[in-house]
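# Survey of secondary and tertiary structure
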Amino acid sequence: MGKGQLRRVSEVFDCWFESGSMPYAQQHYPFENCKEFENGFPADFIAEGIDQTRGWFYTLLVLSTALFGKPPFKNLIANGLVLASNGQKMSKRKKSYPDPMETVHKYGADALRLYLINSPVVRAASLKFKEEGVRDILKDVFLHWFNAYRLAKEENSPFLYNQSKMDVSENYMDRWITFTQSLIKFVKGEMAAYRLYTVVPRLVKFVDQLTNWYVRMSRRRLKGDSGLADCKAAIETLFSPLWKQTACGKELLQGCYNLAALFSQGHQW
């Protein structure tokens, strides 16, 4: 190859120090944009794969500690690695994973997002990706949610949802299912603390309680068998948690949120 003896230049840094300089380099700090940098430093959070422990995470901390005596971020979200279903690294050559866009078109972005956030990946562990898992999220969560939504829509038309005008129901099932305030408080608290892995199980559990218990026990009321006033109370009670749940978790349930939002802003069915 080459002639003579090759020597490493001692001044060359690990290339990851370039990435570790990102908070300052992107603002050309300290030569300009000093105020913008100081207002945004340290960052609220950063997110990357667990394999960046010795790369980006390390160099960010080293440089920030040397320059400012503190870390450059307040929170760190480290995700695990998404592997093929056989536990090996995903390979384009071996075609060991389904096409991501085909998965989205087949099951929807919400189902894929919820599958990943409800997996070991958000706890910095590895996930053996299985298309069947995305399908199960669609079947066990989103179809149940949509069936409850469709029931309210088909059985009662027109319906105008207005939370400020809802009457307080005396029905025990109505009062039981409207515990969504505690769910909203929990979701907001956990998301603010960046504990994404605790949120989805609670949302999924609530969908199960709403669709498999409230709807099942209230079906006759929802059809109007017990009178118009009781039917109205049941419909309002059913739609209220559907809306509140998707509103508080709209980053996870974007499609459901967009659908429910149509009828929370003065729209009629």
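Before going into details, it helps to say that this report is about the structure given with it. (Residues numbered from 1 in each chain as written. Predicted model: local features only at pLDDT ≥ 70, side-chain atom pairs only at ≥ 80, totals over all residues. Heavy atoms only, no water.)

### What about the pairing of strand β2 (residues 73–79)?
- Sheet analysis places strand β1 (residues 43–49) next to β2, joined by 6 bridges and oriented parallel. Bridge pairing in β2 links Ala 47 to Ile 77.
- With helix α4 (residues 56–68) bridging β1 and its parallel neighbour β2, the resulting β-α-β unit is right-handed. (Pairing = 2+ DSSP bridges. Helix = DSSP H or I, 4+ residues; strand = E, 2+ residues; numbered from the N terminus. Right-handed = clockwise from strand over helix to strand, strands pointing away.)

### Quick look at the packing of aromatic side chains
- For the coordinates displayed, the defined rule picks out 11 aromatic pairs.
- Each ring, one from Phe 41 and one from Phe 68, has its centre 5.0 Å from the other, and the planes form 45°; the classification is tilted. Placement of Phe 41 in the loop between α3 (34–39) and β1 and of Phe 68 in helix α4 is noted, with a sequence separation of 27 residues between them.
- Note on Phe 68: relative accessible area 32%, which makes it partly exposed.
- Plain terms: the ring middles of Phe 45 and Tyr 194 are 5.2 Å apart, the flat faces sit at 40° to each other, and that makes the pair tilted. Here Phe 45, found in strand β1, pairs with Tyr 194, found in the loop between α9 (180–192) and α10 (199–222); they are 149 residues apart in sequence, far enough to count as distant. (Phe/Tyr/Trp six-rings, centres within 6.5 Å; stacked < 30°, edge-to-face > 60°. Buried < 20%, exposed > 50% of the residue type's maximum accessible area, 1.4 Å probe, protein only.)

### Considering the pattern of salt bridges
- Applying the stated rule across the entire model yields 6 salt bridges.
- Linking Lys 74 and Asp 44 is a salt bridge whose minimum nitrogen-to-oxygen distance equals 3.5 Å. Taken together, the residues Lys 74 in strand β2 and Asp 44 in strand β1 connect sequence positions 30 residues apart.
- Notably, a salt bridge pairs Glu 131 with Lys 106, separated by 3.4 Å at the nearest N-O pair. Of this pair, Glu 131 sits in helix α7 (residues 131–155) while Lys 106 is found in helix α5 (residues 100–107), placing the two residues 25 residues apart along the sequence.
- Note on Glu 131: relative accessible area 25%, which makes it partly exposed. (Salt bridge = Lys/Arg side-chain N within 4 Å of Asp/Glu carboxyl O.)

### A word on the nonpolar core
- Ranked by internal contacts, the top residues of the largest apolar core, which has 36 residues, are Val 134, Leu 210, Leu 238 and Leu 242.
- Elements with a contribution of two residues or more to this core: α6 (109–117), α7, α9, α10 and α11 (228–248).
- Leave out the neighbours within four places in its chain, and Val 134 touches Thr 103, Tyr 107, Ala 111, Leu 112, Tyr 115 and Phe 129.
- Of all hydrophobic cores here, the second largest spans 6 residues; its members include Ile 46, Leu 60, Phe 73 and Ala 78. (Core = buried A, V, L, I, M, F, W, Y, C linked by side-chain atoms within 4.5 Å. Contact = heavy atoms within 4.5 Å.)

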